[in-house]
Amino acid sequence: MADTPRHFLDISDLSQAELRQILDRSQAMKIARKGWPKGHVEADAPLKGRVLAMIFQQPSTRTRVSFEVAMRQLGGEVLVISANDMQLGRGETVADTAQVLSRYVDAIMIRAKRHDHLLELAQHATVPVINGLTNKSHPCQVMADIMTFEEHRGSIDKHAIAWVGDGNNVATSWIHAMTKLGGELRLGCPTELSPDASALAWAKDKGGKVKVTTSAEEAVTDASCVVADVWVSMHDTDAKARHNMLKPYQVNAALMKKARPDALFMHCLPAHRGEEVTADVMDGPQSVVFDEAENRLHIQKSILLRCLGAE
Ligand code: CP
Ligand code: NVA
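Please read all numbers here as calculations on a predicted model, not as lab measurements. (Residues numbered from 1 in each chain as written. Chains lettered and ligands numbered in written order. Predicted model: local features only at pLDDT ≥ 70, side-chain atom pairs only at ≥ 80, totals over all residues. Heavy atoms only, no water.)

Chemist: Can you break down the pairing of strand S2 (residues 77-82) residue by residue, with the values?
Modeler: Bridge analysis of strand S1 (residues 51-56) against S2 gives six bridges, and the strand direction is parallel. In the strand pairing of S2, Leu 52 is matched with Val 78. Running through helix H2 (residues 62-73), the crossover from S1 to the neighbouring parallel element S2 is right-handed. (Pairing = 2+ DSSP bridges. Helix = DSSP H or I, 4+ residues; strand = E, 2+ residues; numbered from the N terminus. Right-handed = clockwise from strand over helix to strand, strands pointing away.)

Chemist: For the site of ligand 1, give the residues involved together with the corresponding values.
Modeler: By nearness alone, every residue bordering ligand 1 is listed as Ser 60, Thr 61, Arg 62, Thr 63, Arg 111, His 138, Gln 141, Cys 268, Leu 269 and Arg 296. Residue Arg 62 places a side-chain N or O atom 2.8 Å away from an oxygen atom belonging to ligand 1. At 2.8 Å from an oxygen atom of ligand 1 is found a side-chain nitrogen or oxygen belonging to His 138. A molecule is said to occupy a pocket when more than half its atoms come within 2 Å of that pocket's grid points, and by this definition ligand 1 occupies the second largest pocket. Its residues assigned to classes, the shell around ligand 1 shows two nonpolar, five polar and three charged. (Near = heavy atom within 4 Å. Polar contact = N/O pair within 3.5 Å; in protein donor to acceptor, adjacent residues only side chain to side chain. 1 Å grid on protein atoms, 1.4 Å probe; cavity = no way out; pocket = protein on both sides within 12 Å on 5 of 7 lines; lining within 4 Å. Sits in = over half its atoms within 2 Å of the grid points. Nonpolar A, V, L, I, M, F, W, Y, C, P; charged D, E, K, R; others polar.)

Chemist: Account for unusual backbone geometry, naming residues and giving values.
Modeler: At the junction of Leu 269 and Pro 270, the peptide bond is cis and its omega measures out at 5 degrees in the coordinates. Within the secondary structure, Pro 270 sits in the loop between strand S9 (264-267) and helix H11 (279-282). A positive phi is found at Ala 45, a non-glycine position, where the angle reads about 35 degrees. With respect to the helices, strands and loops of the structure, Ala 45 is situated in the loop between helix H1 (16-32) and S1.

What follows is the structure, given as structure tokens:
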């Protein structure tokens, strides 16, 4: 029986040491290529001859472009496929798709509408599968977020991070990451949009310092970083109800004042100024949202190297 491929499905699947290795390597690669043009291929082209297929069941700007540029900088190639243009869109099974693509490409990244499709793809693929966001989690994003926080403030295990708003897919990856890496995570969410119960139970079981409150103020008090995300995610259908529930959770200057004076503001983007965050916070001095976006590129490179075994 062949070895299980090195998938990257969720942060909770990796050990702290493995996560640290991904973070350290992405930081080292970022520093090493300072001053080179964006298209410069790393000197040893570690993924030369390798092909990554990217399947999108939902739209994307950052995930798509950062993975594509990451593969190019590592000397590899990509294929971008909209699920609607595949037979997957008209009933071919995920399992068959996994087996077929595994005969052509060296790794598959998928942005899936349903997390069970990601898991099914990984179960049947004989090449590594990477989670490029599902309705349940967004691990590549939160790895970039941790990298960004640590660039600005040092090791995250000495800090409290506040998540404010919907307890959504990105929140779940934060729960996974903070439990694995240490540090405190406080999630301020309305009861109806509380974070995933199984992620919270997992964090509790692992001794994670994860707290849930319905008060945005309580979550952010003395936090080193305030994190927001859209009120309506791509897979959500109840936009009006969410707007009503989440209005009291807007990140604005008054809320930021309750955090530490040097607190960072983070958002995975895309953002809606005037909804989950005001323009003054989003574009203000505490915001590191474009560093997060840039770091998607550096972290994807490190994740690709891990998955494709180029140590
Ligand atoms: N943050 C993020 O994943 O952005 P995209 O939806 O543009 O990929
Ligand atoms: N929670 C958002 C993240 C977008 C990158 C969504 O799923 O739409």
